[in-house]
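So you can see what is in the structure, the chains are spelled out below.
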Amino acid sequence: MYTVLHAIGGYLLLLLALRALRRRPGAQMTPFEFVLIFLMGGIIILTTMDDDHSVTNSTMGVITIGLMHRLVALIRQRFPRVAALIATAKHLCFSRTANGKRNR
Amino acid sequence: MPLSVPTEPVQDSVARVNDELAVGSDLDFQRRWWKFERGVWIFFTLLIVLDVLGLFGRGPLANARLRASDGSVEVTYERVERHGTPSVLTVHFGPAAVQEGVVKNGKVRLWVRHDLVKDLGNQRVSPQPESSTLERGGILYTFPAGPPPLAVQFSLQPTSVGPASVALQVPGRERLSANIFVMP
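## Looking at the environment of Gln169(B)
Residues and elements named next belong to chain B.
1) Next: As for its position among the elements, Gln169 is in strand β13 (residues 162-169).
2) Next: Using a count of 20 C-beta atoms within 10 Å as the deciding quantity, one classes Gln169 as buried.
3) Next: As a C-alpha pair, Gln169 and Arg124 span 45 residues in sequence and 18 Å in three-dimensional space.
4) Next: Setting aside residues no more than four positions away along its own chain, Gln169 makes contact with Trp111, Arg175 and Leu176.

## Some remarks on the domain arrangement of chain B
A common way to express how large an interface is: the accessible area buried when the components associate.
1) Next: By domain assignment, chain B separates into domain 1 (16-53) and domain 2 (62-183).
2) Next: A C-alpha centroid distance of 49 Å is found between domain 1 of chain B and domain 2 of chain B.

## Observations concerning unusual backbone geometry
All names here are of chain B.
1) Next: Cis geometry is found at the peptide bond from Ser126 to Pro127, where omega equals 0°.
2) Next: Within the fold, Pro127 resides in the loop between β9 (124-126) and β10 (131-135).
3) Next: In this structure, Arg58 takes a positive phi of about 60° despite not being glycine.
4) Next: For Arg136, which is not glycine, the phi torsion reads 45° and is therefore positive.
5) Next: By secondary structure assignment, the location of Arg136 is in the loop between β10 and β11 (138-144).
6) Next: By the C-beta count within 10 Å, which is 12 here, Arg136 ends up exposed.

## Notes on the nonpolar core
Burial of nonpolar side chains together is a common tendency in soluble globular proteins.
Residue and element names in this part refer to chain B.
1) Next: In terms of nonpolar packing, the biggest core is built from 31 residues, with Val73, Val102, Val108 and Leu110 touching the most fellow members.
2) Next: Contributing elements (two or more residues each) for this core: β4 (73-78), β6 (87-93), β8 (107-113), β11, β12 (150-156), β13 and β14 (175-183).
3) Next: For Val102, the residues in contact, after removing those within four places along its chain, are Ser72, Val73, Phe93, Ala97, Val108, Val170 and Arg173.

Conventions and cut-offs
Numbering of residues begins from 1 in every chain and follows the order in which that chain's sequence is written. Key to labels: chains lettered from A, ligands numbered from 1, both in the order written. Local features in this predicted model are restricted to residues whose pLDDT is 70 or higher, and side-chain atom pairs enter the listing and the counts only when it is 80 or higher, whereas totals over whole chains, interfaces and linings include all residues. Under the scheme used here, helices are H or I runs from DSSP no shorter than 4 residues and strands are E runs no shorter than 2 residues, and both carry numbers assigned from the N terminus. Backbone-placed C-beta atoms define the burial measure: a residue is buried with 20 or more other C-beta atoms within 10 Å of its own, exposed with 12 or fewer, and partly exposed in between. Residue pairs are scored as contacts if the distance between their C-beta atoms, which are placed from the backbone, is within 7 Å. A domain assignment, automatic or from a database, supplies the domain bounds used here. Here, a nonpolar core means buried Ala, Val, Leu, Ile, Met, Phe, Trp, Tyr and Cys residues linked by C-beta atoms lying within 7 Å of one another.

Following this line, the structure appears as C-alpha cells:
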C-alpha cells in the first residue's frame, strides 16, 4: 500500500520539478540532464521502495508509475488547461505573406 | 536477349492489406492489440487497488489478530508477508493475564514454534528475554514482567516464499496458531 502512495507522490513531485525546470530532459539530452534524471530517480526510489525490496513491491511500483503515466496522458487529452500546466503547449506560428496567404 | 520476367510474388516482412499492398501496418492486428492493451491496464488497475487494500501484504487486509478465549493473550501480525521485508509480530498480555495466571511471580513465559525463526526469519525479540530454552520443537522465552498491559515484539524478515505458519503458547494455556503467506 505504502509503495503505491509513495510512487504516486514521487511521480507528481518529479512531474512538478521537471516542469519547473523549464528545459525538459529527453529531446535534447545533455550529460547535465542525464545527471538530473538519474539523480532524481535515485533519490525518489529510496522513499518509493522504502525497506521493502520484494518482487511484489517492485512490480507494484512499476505498474503504479505506468498507470500514473497513462492517467496524466488522459488528463492532458481531456483538459487542455490542465495540460498547459503539466507541459508546454505546442505552438504553431503563422505569418502572412504579401499575397495574403498564411505560411506556417 | 529476352528479359526475364519475375514470376515470384514479392516477399517481405511488412504487413499487407487485402494481400495487395504493403502499407507497413496491420489495422486488424492493431485493433486487437489495443483491445488486449485495454484489458491489461484494467487488470493492472485491479492489481493496484488490491495492493492498496493489502491483499499482497502491507495494507489493512493483511493485518490480523489472534486472541485467546480467556482474553489474556492477543497476537497481532500480518497474514500476508513479503520476502525479505521487515514486519513485526506482537504478543499482548492484557489485564486478564494476571487474573488468569499468565503473568506469575513477576515473570511471563511464552513458547513459540521454530517456524518463527526458520521460515519467518525472526531477527530480534524485544524486550530481551531473561532466558530462552529449546523445547518441543520451539523456543520457550521467559520475560521479566511488571503490571500489565505488556507486549513482546518479534521482528520478522521472512526467508522463504509461500505458506508458513506460526504457533505460540503460554505454557498450560490455549495454543494460538495462524497461517501466513509470504509473497515473493
